[in-house]
Every structure is written in C-alpha cells, then in structure tokens.
2 protein chains.
Amino acid sequence: MNELQERILREGQILGNGILKVDSFVNHQVDPRLMDACGKEFARRFSRLGATKVLTAEISGIAPAVTTALHLDLPVVYARKTKPITMPDQVYLTLAPSHTKGRMVELIVSPEYLANGERVLIIDDFLASGQTILGLARLAEAAGSRIVGVGALIEKVFEGGRTVLKSLGVPIESIACIKSLEDGKIEFVE
Amino acid sequence: MNELQERILREGQILGNGILKVDSFVNHQVDPRLMDACGKEFARRFSRLGATKVLTAEISGIAPAVTTALHLDLPVVYARKTKPITMPDQVYLTLAPSHTKGRMVELIVSPEYLANGERVLIIDDFLASGQTILGLARLAEAAGSRIVGVGALIEKVFEGGRTVLKSLGVPIESIACIKSLEDGKIEFVE
C-alpha cells in the first residue's frame, strides 16, 4: 500500500453518492509533501513519453500537476473555468459536466500556451467519470497538440472513466485506485 | 535582479489599468521551477516565524503556496471561492473585492482545517490593493488563528496594499516589487 492509499484510508470520508472527501490533504487543505511524492511517482511512470507540457484543470488539479511538472521539468497549463481579463478573445473552450458541482462547467485554455505539436500529459486529482479529462483532451486536440498520457491521484474505477478514456489510446495511471466505497468501506484494487 | 524579476521583464505584459499579465509563468501557464525557487526564498525569509500553516486563496495562489509549504514542511489551506459539497454547513466566509473580476468574491475556509491557535503564513501571487490578503486574515482571525507573515510573488506598490496590511503588524515580503507600470515600462523598487 502506498502513502496516498494509507492517507485515504486514514482520513478519507465517504459522503455517499460515490463521493470521497479528501479535503484534509488534496482538495482544501493540501499536504505538499504527499503531493510531491505523487508528482515524483507520476514523473517516474511517464518519464518515457516525451511530454512537452502538463495540462490540468483548476482548481484541485493544480497541486499534483505542479509537483509532477517540477519532477519532469516541464511547464504546466491549468485550464480556467472562467475567462480572466488577461486572456485573449479567441480561446479554446469546451464544456464538461462537474461531478461535485452538479452542472456543466467551462474549461478554457489560451492558444498562447497550448501550441500545435505539443505532447501533453494530463494530470488531475480524480479520475471518476473521465469527463473533465476528456474535456482537457478536446482542448489539446483543438490546439493541434497530442495527448501522450493521463495521470490521476485517485481513480474511482466504479465510475467507468478508464473505459471512457480508452479512445485516447494513451497510458492511464492512477496512484490510488478505488474499487468500491460501498458499506462505508474504502476498497482498493489490488 | 532575481529570477522572478527577470522573467517579469522578459514576459510580463502591461495591459493598462495597472494590470500586469504574467499568464506565461504564474497565472495560466505555471513555471514549476520558478515557483519552487520562489517558495524556497519565502521559506528562507519566513523560517523563524514558527508558522504552523500556509493559507492562500484559490486559484493563482496555490502554486507558490504549495512550493513554500513544501520547503517549510507545513500544510497549505486554500480558501475556496465557491463552497464545495464536501464542506460542512458551518464555515468561515468573508467577501473581498476581486481586482481582475471587477466584483466581490467569497473566500471560504472550513473550520476543519483552520484551528484555534494556528500560526498562519499567508502566501499569494499578487499583493495589489491588499484586499484579498486582508480577507484571508479575517478568516484566520475568525478561526482564532494568528497571522504571522504575508508573502506575495509580485507586489504592485502603487496600489497601496502594504499600507492597508500594516495593521496586521507582521512582516510582509514580496519577491518582485513593482514601483510603476507607467509609459509601458516595468520599474522595480531598488
């Protein structure tokens, strides 16, 4: 069992509806040392892909994406959910359903920072339905970039995201892979 | 001249209205190595304060707060701007005007992660009017925590934030301190 799994067992809270609360080390409070260890692990797993950029979505993807990018020595781009005034009028924009918000959210990337020919590694906190990551992949493809890998700290396999992302044809890695949250028990895939 | 200042001179764009666009290394694309260097520098400057937690505001504060906390070996809490479903009903909430959004935004922290007696170091990307940082300080005070220091990557001294924050009575540090953006020229404080 790795450090992230141990932490999930110790501090994760099952809220029902398939929601796992990890606000004490990922989503509101962040444990930088744990994020750094996960970033290092992603860098190890994805070291041979020749990635040129890490792409994530604000907000909770930022910490693991930054530590991964630090270990791979790459820049990170985080897709914005609202267009800031510093962004040009012409942007890449897609819609993705948000699990925790119960509505569609925008994912926006400026063409300034996602170029034709980039090799993009997507890093996010959760892989659940896969819809946010699929949205990020659409943005990258619109920019003429190529997705080369997908990494998530926590995968909830019972939500089927891995199947949805199969069409991308790239390696998908998660550090803690959860089989079930039923009966108030967190069960990992062996 | 430090690395952040050099980067600002090379890539920063003056958009008018006192707005400096640093989207290529701080606010949309992030340079993790630069963020790590700045985090290390904050850790050095704030090492003697006995901080127990780093506090920032989503979204752009997260990267420098995480790298600072990594070097200080502390947890980070980022104040949310919308209340996620994982947060309890009872929260600390304050309003702060957003410079780049032109409206008031909420800053929300769960009492779970900001406790009575904590010594809080606030880290953010910009120190401009100081209103976001003052909002974070109000949240910390509401939790019975004590602010022990404030660090910002980039300070725009002409917006007067440092004066506003004087009442906190704590050290305020910025890594790139900008005196003026007039006539299309970025001028640092010596």
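Each value, and the rule that gives it
- Residues numbered from 1 in each chain as written.
- Chains lettered and ligands numbered in written order.
- Predicted model: local features only at pLDDT ≥ 70, side-chain atom pairs only at ≥ 80, totals over all residues.
- Helix = DSSP H or I, 4+ residues; strand = E, 2+ residues; numbered from the N terminus.
- Rg over C-alpha atoms; globule rule 2.2 N^0.38 Å.
- Contact = placed C-beta atoms within 7 Å.
- pLDDT = per-residue confidence, 0-100.
- Nonpolar A, V, L, I, M, F, W, Y, C, P; charged D, E, K, R; others polar.
- Least-squares fit on C-alpha atoms with pLDDT ≥ 70 in both.
- Axes fitted to C-alpha atoms, helices over the stretch in contact; angles between N-to-C directions.
- Parallel < 35°, antiparallel > 145°, perpendicular 65-115°, else oblique.
- Expected span 1.5 Å × (residues − 1).
- Buried ≥ 20, exposed ≤ 12 C-beta atoms within 10 Å, placed from the backbone.
- Pairing = 2+ DSSP bridges.
- Core = buried A, V, L, I, M, F, W, Y, C linked by C-beta atoms within 7 Å.
- Right-handed = clockwise from strand over helix to strand, strands pointing away.

> Can you tell me about the overall build of chain A, naming the residues and giving the values?
When helices and strands are tallied, chain A shows six helices and 11 strands. By the compact-globule yardstick of 16 Å for 190 residues, chain A fits well, its C-alpha radius of gyration being 16 Å. Overall, chain A is about 50 × 35 × 30 Å in size when its C-alpha atoms are taken along their principal axes. Of all intrachain contacts in chain A linking residues separated by at least 6 positions in sequence, the fraction that spans at least 24 positions is 61%.

> Just give me the short version of the confidence of the model for chain A, but keep the residues and values in it.
Low pLDDT marks regions whose predicted coordinates should not be analysed in detail. Here chain A shows a mean pLDDT of 96. Residues at 70 or above account for 100%. ipTM for the predicted complex: 0.96, alongside a pTM of 0.97.

> Can you tell me about the interface of chain A and chain B, naming the residues and giving the values?
Across the contact, 33 residues belong to chain A and 33 residues belong to chain B. Those elements giving two or more residues to the side of chain A that touches chain B turn out to be strand 2 (19-21), helix 2 (23-27), strand 3 (29-30), helix 3 (32-45), helix 4 (62-72) and strand 5 (76-79) of chain A. Here the side of chain A that touches chain B gets five residues from one element, more than from any other, and that element is helix 4 of chain A. The class makeup of the residues in the side of chain A that touches chain B is 18 nonpolar, seven polar and eight charged.

> For the relation of the copies chain A and chain B, give the residues involved together with the corresponding values.
Here chain A sits on chain B after a turn of 180° about the axis and a move of 0.0 Å along it, with an RMSD of 0.0 Å. Both chain copies can therefore be described as sitting about a two-fold axis. Interface overlap between copies: 100% of the residues of chain A at the interface are likewise at the interface in chain B, consistent with a symmetric, same-surface contact.

> Can you tell me about the packing of helix 1 (residues 3-11) of chain B against helix 3 (residues 32-45) of chain B, naming the residues and giving the values?
All names here are of chain B. Running from N to C, helix 1 and helix 3 point in directions that differ by 140°, and their axes come no closer than 10 Å. Regarding the angle of helix 1 to helix 3, the classification is oblique. Contacts between helix 1 and helix 3 involve Glu 3, Leu 4 and Arg 7 from the first element and Leu 34, Ala 37 and Cys 38 from the second. Tallied by class, residues from the contact of helix 1 with helix 3 come to four nonpolar, no polar and two charged.

> Can you lay out helix 5 (residues 131-142) of chain A for me, pointing to particular residues and giving the numbers?
Residues and elements named next belong to chain A. Its 12 residues place the ends of helix 5 16 Å apart at the C-alpha level, agreeing with the 16 Å of an ideal helix rising 1.5 Å per residue. Along helix 5, the residues that are buried comprise Thr 132, Ile 133, Gly 135, Leu 136, Ala 137, Leu 139 and Ala 140. A positive backbone phi angle near 80° is found at Gly 144, which sits one or two residues after helix 5.

> Give me the lowdown on the sheet that holds strand 9 (residues 146-156) of chain B, citing residues and values where you can.
Read across the open sheet, the seven strands follow the order 3(A)-5(B)-4(B)-8(B)-9(B)-10(B)-11(B); overall the sheet is mixed. The open sheet has two edge strands with one neighbour each: strand 3 of chain A together with strand 11 (187-188) of chain B. The sheet contact formed by strand 3 of chain A and strand 5 (residues 76-79) of chain B spans two bridges and is antiparallel. Across the sheet, residue A:Val30 finds its bridge partner in strand 5 of chain B, namely B:Val76. This element, helix 3 of chain B, spans strand 8 (119-127), strand 9 and strand 10 (172-180) of chain B of the sheet and lies at about 120° to strand 10 of chain B.

> Provide a residue-level description of unusual backbone geometry, including the pertinent values.
Of the consecutive residues A:Glu58 and A:Ile59, the connecting peptide bond is found in the cis state with omega at 10°. Despite not being glycine, A:Asp73 has its phi angle at roughly 55°, a positive value.

> Please provide a residue-by-residue account of the sheet that holds strand 3 (residues 29-30) of chain B, values included.
Here we have seven strands laid out as an open sheet, ordered 11(A)-10(A)-9(A)-8(A)-4(A)-5(A)-3(B), and mixed in their pairing. Single-partner strands in this sheet number two, and they are strand 11 (187-188) of chain A together with strand 3 of chain B. Inspection of the sheet shows strand 4 (residues 53-57) of chain A paired to strand 5 of chain A by four bridges, in the parallel sense. From the neighbouring strand, A:Val54 faces strand 5 of chain A, where its bridge partner is A:Val76. Each of strand 4, strand 5, strand 8 (119-127) and strand 9 (146-156) of chain A is contacted by helix 5 of chain A, which is oriented at about 160° to strand 8 of chain A, the strand it contacts most.

> An account of the nonpolar core is requested, with residue identities and associated values reported.
Judged by nonpolar contacts, the single largest core of 122 residues is most densely connected at A:Val66, A:Ile122, A:Leu136, B:Val66, B:Ile122 and B:Leu136. Setting aside its immediate chain neighbours within four residues, B:Ile122 contacts B:Leu55, B:Thr56, B:Ile133, B:Leu136, B:Ala137, B:Ile147 and B:Val150.

> Quick rundown of the environment of A:Ser145? Include the residues and the values.
Residue and element names in this part refer to chain A. Examined against the element boundaries, Ser 145 turns out to sit in the loop between helix 5 and strand 9. In this structure Ser 145 comes out as buried when scored by C-beta crowding, with 22 C-beta atoms within 10 Å. Through-space distance from the C-alpha of Ser 145 to that of Tyr 113 is 11 Å; in sequence the pair is 32 residues apart. For Ser 145, the contacting residues outside a window of four places in its chain are Leu 114, Glu 118, Val 120 and Ala 140.

> Break down the pairing of strand 4 (residues 53-57) of chain B for me, with residues and values.
Residue and element names in this part refer to chain B. In terms of burial, strand 4 is a largely internal element, five of the five residues being buried. Of the two faces of strand 4, the one carrying Lys 53, Leu 55 and Ala 57 and the one carrying Val 54 and Thr 56 are both buried. Here three bridges tie strand 4 to strand 8, and the two strands are oriented parallel to one another. Across the sheet, Lys 53 pairs through a bridge with Val 120, a residue of strand 8. Of the crossover connections in this fold, the one passing from strand 4 over helix 4 (residues 62-72) to the parallel strand 5 is right-handed.

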